[in-house]
Amino acid sequence: MDGSASSGIRATTALDPERLQDAVLELIRRTATELPPDVKEALHRARQQEEPGSRGELAMSLILRNLELAEGRGVPACQDTGTPLFYVHHPEGVSTRRMRQAIEEALRQATARQVLRPNAVDPVTGANSGVNVGTGFPPIHFEEWDEPSVRVDLMLKGGGCENVGAQYSLPSEPLQAGRDLEGVRKVVLDCVVRAEGKGCPPGVLGVCIGGDRSSGYEESKRQLLRPLDDRNPDPALAALEERILDEANRLEIGPLGFGGRSTLLGVKVGALHRLPASYFVTVSYMCWEYRRRTLLLRGDEPPVIR
Amino acid sequence: MIELRTPISLEAVRELRVGEMVSLSGLAVTARDAAHKYMVERLIERRQPLDEADARVHRELREVLRGGAVYHCGPIVRREGERWRFVSAGPTTSIREEVYQDRVIAHFGLRVVIGKGGMGPRTRRACQEHGCVYLHGLGGTGALTAEAVAEVLDVFKLEAFGPPEAFWKIRFEGFVGVVTMDAHGQSLHDQVAERAAQKLAALTGTS
C-alpha cells in the first residue's frame, strides 16, 4: 500500500460522516450562542472606554448582558444567525461531497432546534427553504492540507453587517484616493462612515487590497478569521491596521451609531496580487456579534471546539 | 427612562425628543421587507379589491397599529403546544423599509417605528407630519429582546412569508430603546453622520 492510500484510510476513519455531522451541529450551536473569548474581551474594553452614563455605555452594557443571557440559556445571541460560512481544511483523499452532505444535515438539525433561523431564501420565488440549505447555501470553502486532521472554521455573518460591505476601485476621484496604502486608508474610513449604525458597531473590518472583484471579497472575509489580538506579519499592513482602527474610533459613530468612542474593535488587512489595470479595495464589515468558532477533528480523539 | 404604553397618544409622542431612552410596553406587530411591501401594495394602494383573507389581516393590523408600534424584526420562534414563543428577536436594519414606511405610518396611525440603523428623510417627514417616533433598539441583542416579548398573541401571513418575515402580533413588557428620530423633524442619525463626515474630511484631507 502506498503512502497516499494509507493517509486516505486514516482520514476516512477520522471522518466518519455521522461523527462529522454531530461535531458540526455542536460547532453551530456554540457559534450561535457564545462569542469567542477575544471578542468578549474586546467588548468589555469597549464598554470601559465609553463615557459613564452615556448612550454608548448603555448600549455596551446591554450588549454584554445579552451575551450572558444567550450563553446561560443556550439561545442564539442574535436572531439573525446569518450566512453560515464554512472554511474546511482536510487531508488528502477525503470526499468533499460527503463532508458537504454532513454539514448540510447538521444545518437542517440546527434549524429544527431553533439554534439557527431559517435564512435560505429563493430569490426568484421568495420561498424560504426552511432548513438553511439551498442553491449555493451554505458557502463552503474546502482546502486540502498536509495534516491528517480536519479543521472546520465557521463564521455566522448577519445580514445587517453583510449589507454594508463595500468594494472600491482606485483611484477614487471624490475621495482623492490614489493607488497606494494612503488611498486604501481613505476608502476604508469612508466605508466605516457610510455603514454608520447599520452594521451594528463596534464592528470588525476584514479588508483585501488587490485581487479581482470576487477574490477580493473572499479574502476580505478570510481576514475576519484572524483573532482580534494577532499582529499582521507584514509590517506595512500592521501599521495600516492600527492607524485605521485608531482613526475610525475618532469618528464618534459609537456603539450602534448612538455616538461614542467605540466604532471598531479591530481591522484585519490582507493583500492579493492584482492586474496592472485594477486596484480593488474590498471591505467586509462584521458586527459586534462576531460569531466564529473552530472545530478540530483528530483521529479518534474527541472533537475540540475553540 | 421614559415609560410608554400602547395605545400612545399624539401628545405623549410629541413630548419625546431625540436621544431620550424609552421603555415600551403594550402591543406591537413585527413587519419587515415582505410585510411592508404587502402592506403598501396590497392593503394600502389596493389596485385590486381585498379578498376575505387580506381584509382580515387589514382589520387586525388596523386594530393593533392605531397608536401602536411596528417592529422591524425577523425573530427565531418556537412552537410550544398551542402557543408560540420568541427565542431570539432583536431589531433588523430599518433603512430597507424607507420606501414604504411613510405610507404605513399615515395609513395605520402608527406612533412608534422600532428597528435599528435609522431611516431616511421620507420617514422623518412622516414622523413629523403624523406624530410618530423612530425607536432604535439594541442591534444584535436577540436574546435580551426576546425577554421583553411577554406574549406572542397571533401571527398573520406565516405560510406565505415564512417565520422571519411574517406579521407577529406581540405584547412587549419593557422593550428598551433610544429615540433617534422624533416627531419634530430631528434625527440623531443625521447628527452623527454629519459629525463623522467632518472628522473623515479632516482625517483624509478632503475638506
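Each remark here, short or long, concerns the structure printed above.
Residues numbered from 1 in each chain as written. Chains lettered and ligands numbered in written order. Predicted model: local features only at pLDDT ≥ 70, side-chain atom pairs only at ≥ 80, totals over all residues. Heavy atoms only, no water.

**Examining the overall build of chain A**
Helix and strand content of chain A: nine helices and nine strands. For chain A, whose C-alpha radius of gyration is 20 Å, the value lies close to the compact-globule estimate of 19 Å for 306 residues. For chain A, the spread of C-alpha atoms along the principal axes amounts to about 60 × 50 × 40 Å. By the burial criterion, 57% of the 306 residues in chain A qualify as buried. (Helix = DSSP H or I, 4+ residues; strand = E, 2+ residues; numbered from the N terminus. Rg over C-alpha atoms; globule rule 2.2 N^0.38 Å. Buried < 20%, exposed > 50% of the residue type's maximum accessible area, 1.4 Å probe, protein only.)

**Brief notes about the overall build of chain B**
Tallying secondary structure elements over chain B gives eight helices and nine strands in all. Whereas a compact globule of 207 residues would reach a radius of gyration of roughly 17 Å, chain B reaches 17 Å, a difference of no more than 12%. Expressed as lengths along the three principal axes of its C-alpha atoms, the size of chain B is roughly 60 × 40 × 35 Å. When the 207 residues of chain B are sorted by exposure, 59% land in the buried category. Expressed as a percentage of contacts within chain B between residues at least 6 apart in sequence, the contacts between residues at least 24 apart total 65%. (Contact = heavy atoms within 4.5 Å.)

**Some thoughts on the interface of chain A and chain B**
Many descriptions give the size of an interface as the accessible area lost when the pieces come together. The partner chain B presents 46 residues to the 46 residues of chain A that form the contact. Summing the contributions of chain A and of chain B, the shared interface buries around 3800 Å²; its carbon and sulfur component is 64%. Taken together, the connections running from chain A to chain B amount to three salt bridges. Between B:K199 and A:E252 there is a salt bridge, with its nearest N and O atoms 2.9 Å apart. Linking chain A with chain B are 17 residue pairs in polar contact (both at pLDDT 80 or more). (Buried area = accessible area lost by both parts, 1.4 Å probe. Salt bridge = Lys/Arg side-chain N within 4 Å of Asp/Glu carboxyl O. Polar contact = N/O pair within 3.5 Å; in protein donor to acceptor, adjacent residues only side chain to side chain.)

**What to know about unusual backbone geometry**
In this structure, A:P138 follows A:F137 across a cis peptide bond, with omega equal to 5°. When you line up the elements, A:P138 lands in the loop between α5 (96-112) and β2 (140-144). For the bond running from A:P201 to A:P202, omega is 5°, close enough to zero to count as cis. Residue placement: A:P202 occurs in the loop between α7 (181-195) and β5 (203-210). Its identity is not glycine, yet A:Q176 carries a phi of approximately 50°, on the positive side. Looking at the element boundaries, A:Q176 is found in the loop between β4 (166-169) and α7. Its identity as a non-glycine residue notwithstanding, B:K157 has a phi of 60°, on the positive side. One can find B:K157 in the loop between β8 (149-156) and α7 (158-161).

**Description of the sheet that holds strand β1 (residues 83-90) of chain A**
Sheets are built from strands that pair by backbone hydrogen bonding, the pairs being arranged parallel or antiparallel. Residues and elements named next belong to chain A. The strand order across the open sheet formed by five strands is β2-β1-β3-β8-β9, and the pairing between neighbours is mixed. Edge strands, defined here as strands with exactly one partner in the open sheet, are β2 and β9 (304-305). Pairing of β1 with strand β3 (residues 150-157), which is carried by seven bridges, proceeds in the antiparallel orientation. Looking across to β3, one finds that V88 is bridged to V152. Set on the sheet, α5 makes contact with β1 and β2; between it and β1 the angle comes to about 145°. (Pairing = 2+ DSSP bridges. Axes fitted to C-alpha atoms, helices over the stretch in contact; angles between N-to-C directions.)

**Some details on the packing of helix α4 (residues 98-108) of chain B against helix α5 (residues 121-130) of chain B**
Residues and elements named next belong to chain B. Running from amino to carboxyl end, α4 crosses α5 at an angle of 10°, the nearest separation of the two axes being 8 Å. Classified by the interaxial angle, the pair formed by α4 and α5 is roughly parallel. Across the interface between the two elements, E98, V99, Q101, D102, R103, I105 and A106 from α4 touch P121, R122, T123, A126, C127 and H130 from α5. Class assignment of the residues belonging to the contact of α4 with α5 gives a composition of six nonpolar, three polar and four charged. (Parallel < 35°, antiparallel > 145°, perpendicular 65-115°, else oblique. Nonpolar A, V, L, I, M, F, W, Y, C, P; charged D, E, K, R; others polar.)

**Focus on the pairing of strand β6 (residues 112-115) of chain B**
All names here are of chain B. Burial along β6 is two-sided: V112 and I114 facing one way and V113 and G115 facing the other are all buried. As paired elements, β6 and strand β7 (residues 133-136) share four bridges and run parallel to each other. The residue bridging V113 from the neighbouring strand is Y134, located in β7. The parallel pair β6 and β7, bridged by α5, forms a crossover whose chirality is right-handed. (Right-handed = clockwise from strand over helix to strand, strands pointing away.)

**Some points on the side chain of A:N119**
All names here are of chain A. With respect to the helices and strands, the residue N119 is situated in the loop between α5 and β2. Among the polar contacts listed, one links the side chain of N119 to the backbone oxygen of G82, at a separation of 3.3 Å. Of the polar contacts made by the side chain of N119, one reaches the side chain of R117; its length is 2.9 Å. Those residues within four positions of N119 in sequence are excluded, and the remaining contacts are D80, T81, G82, N128, N132 and F137.

**A look at the sheet that holds strand β7 (residues 280-286) of chain A**
All names here are of chain A. With mixed pairing, the four strands of this open sheet are ordered in space as β4-β7-β5-β6. Each end of this open sheet is capped by a strand with a single partner; those strands are β4 and β6 (264-272). Along the sheet, successive strands turn relative to each other by an average axial angle of 15°, direction set aside. Bridge analysis of β5 against β7 gives six bridges, and the strand direction is antiparallel. Within β7, the residue paired with G206 across the bridge is S284.

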